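Okay, here's what each chain looks like letter by letter:
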Amino acid sequence: DAMVIQNPRYQVTQFGKPVTLSCSQTLNHNVMYWYQQKSSQAPKLLFHYYDKDFNNEADTPDNFQSRRPNTSFCFLDIRSPGLGDAAMYLCATSRGVGQQNTEAFFGQGTRLTVV
Amino acid sequence: LAKTTQPISMDSYEGQEVNITCSHNNIATNDYITWYQQFPSQGPRFIIQGYKTKVTNEVASLFIPADRKSSTLSLPRVSLSDTAVYYCLVGRLDTGRRALTFGSGTRLQVQP
């Protein structure tokens, strides 16, 4: 059974039109991450939540925002998508401090196309 | 965060052992070393994690020398399905700010 679920798998949005990507988890993990991965590149960390504590990477554009209304769900909002934001967006989770088995579990990703 | 350096690509044949080395010269005392595997159009998947010496699980071994400035992922008897990108990550696991930063990765191609 999928433990980190991303919806939708494929998303097409118009240039400049706000779009929201969703991630849910059944693992009850403290930490949730959002990554952007462009073709033939490594995943790039955008931000992560440790419980409700939001941690933004210094080079993440303001165009990218995130919400975590509860433990299970996390959203990535792109306020005004540009052509350069077309990518695979990956959500991941991991356990918190002091817990065993701290590996991250990734979802299947959402491939975003901007037209 | 400790920067990691890996070979961009490697080639192997089925049945061979593959060793991928990662350099992390500025690794900190509390940093752990973790390896992930990624297939095309899928999210990365955890392979193995270690702090020092040797760690082995059902799919791989991880060798970490005493100075911890490098680590080697060893894949025994690879098959075609091991063709993937392998990422080495270094970071702390004991803090609330759990940034999980990927390096450039090693693209492994396994030939028949």
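Each remark here, short or long, concerns the structure printed above.
A. Focus on the packing of aromatic side chains. Tallied over the full model, the rule gives 13 aromatic pairs over all chains. Ring centres of Y32(B) and Y51(B) lie 5.2 Å apart, and the angle between their planes is 55 degrees; this geometry places the pair in the tilted category. Separated by 19 residues along the polypeptide, Y32(B) in strand 3 (residues 31–38) and Y51(B) in the loop between strand 4 (45–50) and strand 5 (53–56) bring together distant segments of the chain. According to the relative accessible area criterion, Y32(B) is partly exposed, its value standing at 32%. Relative to F102(B), the ring of Y87(B) lies with its centre 5.1 Å away and its plane at 90 degrees, an arrangement referred to as edge-to-face. Taken together, the residues Y87(B) in strand 8 (residues 84–92) and F102(B) in the loop between strand 8 and strand 9 (106–111) connect sequence positions 15 residues apart. For F102(B), a relative accessible area of 8% gives the class buried. Members of the aromatic cluster, each reached through a chain of ring pairs, are Y33(A), Y35(A), F106(A), Y36(B), F46(B), Y87(B) and F102(B).

Rules behind the numbers
Residues numbered from 1 in each chain as written. Chains lettered and ligands numbered in written order. Predicted model: local features only at pLDDT ≥ 70, side-chain atom pairs only at ≥ 80, totals over all residues. Heavy atoms only, no water. Phe/Tyr/Trp six-rings, centres within 6.5 Å; stacked < 30°, edge-to-face > 60°. Helix = DSSP H or I, 4+ residues; strand = E, 2+ residues; numbered from the N terminus. Buried < 20%, exposed > 50% of the residue type's maximum accessible area, 1.4 Å probe, protein only.

Shape is all these values report; function is a separate question.
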